[in-house]
Amino acid sequence: MALVTFRDETATGRALEEFTLPDLPERISARELVRLRVREEVARYNAAPSHHFRGLVKPTDAEAELNGYRMRTARRLDWEKQADAAEAAFARNGFLLLVGDRQIEDLDTEIDLTVAPVVSFVKLVPLVGG
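Conventions and cut-offs
- Residues numbered from 1 in each chain as written.
- Predicted model: local features only at pLDDT ≥ 70, side-chain atom pairs only at ≥ 80, totals over all residues.
- Heavy atoms only, no water.
- Helix = DSSP H or I, 4+ residues; strand = E, 2+ residues; numbered from the N terminus.
- Salt bridge = Lys/Arg side-chain N within 4 Å of Asp/Glu carboxyl O.
- Buried < 20%, exposed > 50% of the residue type's maximum accessible area, 1.4 Å probe, protein only.
- Core = buried A, V, L, I, M, F, W, Y, C linked by side-chain atoms within 4.5 Å.
- Contact = heavy atoms within 4.5 Å.
- Expected span 1.5 Å × (residues − 1).
- Phe/Tyr/Trp six-rings, centres within 6.5 Å; stacked < 30°, edge-to-face > 60°.
- Lys NZ or Arg CZ within 6 Å of the ring centre and 35° of its normal.
- Pairing = 2+ DSSP bridges.
- Axes fitted to C-alpha atoms, helices over the stretch in contact; angles between N-to-C directions.

A. Focus on unusual backbone geometry. Unusually for a residue other than glycine, D23 sits at a positive phi of about 60°. Mapped onto the elements of the fold, D23 is located in strand β2 (residues 15–24).

Here is the structure:
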């Protein structure tokens, strides 16, 4: 079993937030890894719902703000809907997925977590007027 660190980073590589999950399988697909990350962040939020959600993708009816999303009402989130939204965001280049020093370009890529136990997510912001 592997201990994995999930890290959110800026485009310049500065770490914003991170958390670890123990007991993950040594080999896993990038898709499963993204879904595990989202499931964990939604579980943490649902344990104490508030008007602020820090997660990979924006929940429905939320507004983006510095370091997260502002919820109109504190409510429980559905982790599967959030995970589906994360997969869709990955497909449209909403974020980069880095495992160790390698960029993952396909969610079906198998990852060896014993070799690269740090998984970084870099959210990309579309350019205005470009």
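Picking up where we left off.
B. Just the pattern of salt bridges, in detail. For the coordinates displayed, the defined rule picks out 12 salt bridges. A salt bridge links R31 to D108, with the shortest nitrogen-to-oxygen separation between them at 2.9 Å. One end of the pair, R31, is in helix α1 (residues 30–47); the other, D108, is in the loop between β8 (102–104) and β9 (110–112), with 77 residues separating them in the sequence. With a relative accessible area of 53%, D108 lands in the exposed category. Counted as one network, the salt bridges with shared partners bring together R31, R35, D84, E87 and D108.

C. Broad picture of the nonpolar core. By size, the foremost hydrophobic cluster in this structure holds 35 residues, and its most contacted members are F6, L113 and V119. Among the elements of the structure, β1 (2–9), β2, α1, β6 (68–71), α2 (79–91), β7 (95–99) and β10 (118–123) are those that each provide at least two residues to this core. Among the elements that line this core, the one with the most residues is α1, at 7 residues. Non-local contacts of L113, meaning those with residues more than four positions away in its chain, are made with A2, V4, L24, P25, E26, I28, L33 and V119.

D. Up close: α1. For α1, with 18 residues, the first-to-last C-alpha span of 26 Å sits near the 26 Å given by 1.5 Å per residue. Looking at α1, one finds that the buried residues are A30, L33, V34, R35, L36, R37, V38, E41, V42, Y45 and N46.

E. Main features of the side chain of E9. As for its placement among the helices and strands, E9 is situated in strand β1. Under the relative-accessibility criterion, E9 is labelled buried at 14%. Once residues within four sequence positions are removed from consideration, E9 is found in contact with R14, A15, L16, S120, F121, V122 and K123.

F. Geometry of the packing of aromatic side chains. Throughout the structure, instances matching the rule amount to 5 aromatic pairs. When the centroid spacing of 6.3 Å and the interplanar angle of 25° are considered together, the rings of F6 and F121 count as stacked. Here F121 lies in strand β10 and F6 lies in strand β1, a separation of 115 residues in the sequence. By relative accessible area, F121 is classed as buried at 1%. Taking 5.3 Å as the distance between ring centres and 85° as the angle between the ring planes, the aromatic pair formed by Y45 and F53 counts as edge-to-face. Of the two residues examined, Y45 and F53, each falls in the buried class. Cluster of aromatic residues (ring-pair linked, three or more members): F6, F19, F90, F95 and F121. Lying across the ring of F121, R37 places its NZ or CZ 4.6 Å from the centre. Taking NZ or CZ as reference, R39 lies 5.8 Å from the ring centre of W79, over its face.

G. Looking closely at the sheet that holds β7. Taken in spatial order, the 5 strands line up as β2-β1-β10-β7-β8 in an open sheet, and their pairing is mixed. Looking at which strands have only one partner, the edges of the open sheet turn out to be β2 and β8. When the angles between neighbouring strand axes are averaged without regard to direction, this sheet yields 25°. Sheet analysis places β7 next to β10, joined by 5 bridges and oriented antiparallel. Across the sheet, F95 pairs through a bridge with K123, a residue of β10. Sitting on the sheet, α1 is in contact with β1, β2, β7, β8 and β10, with an inclination near 105° to β2.

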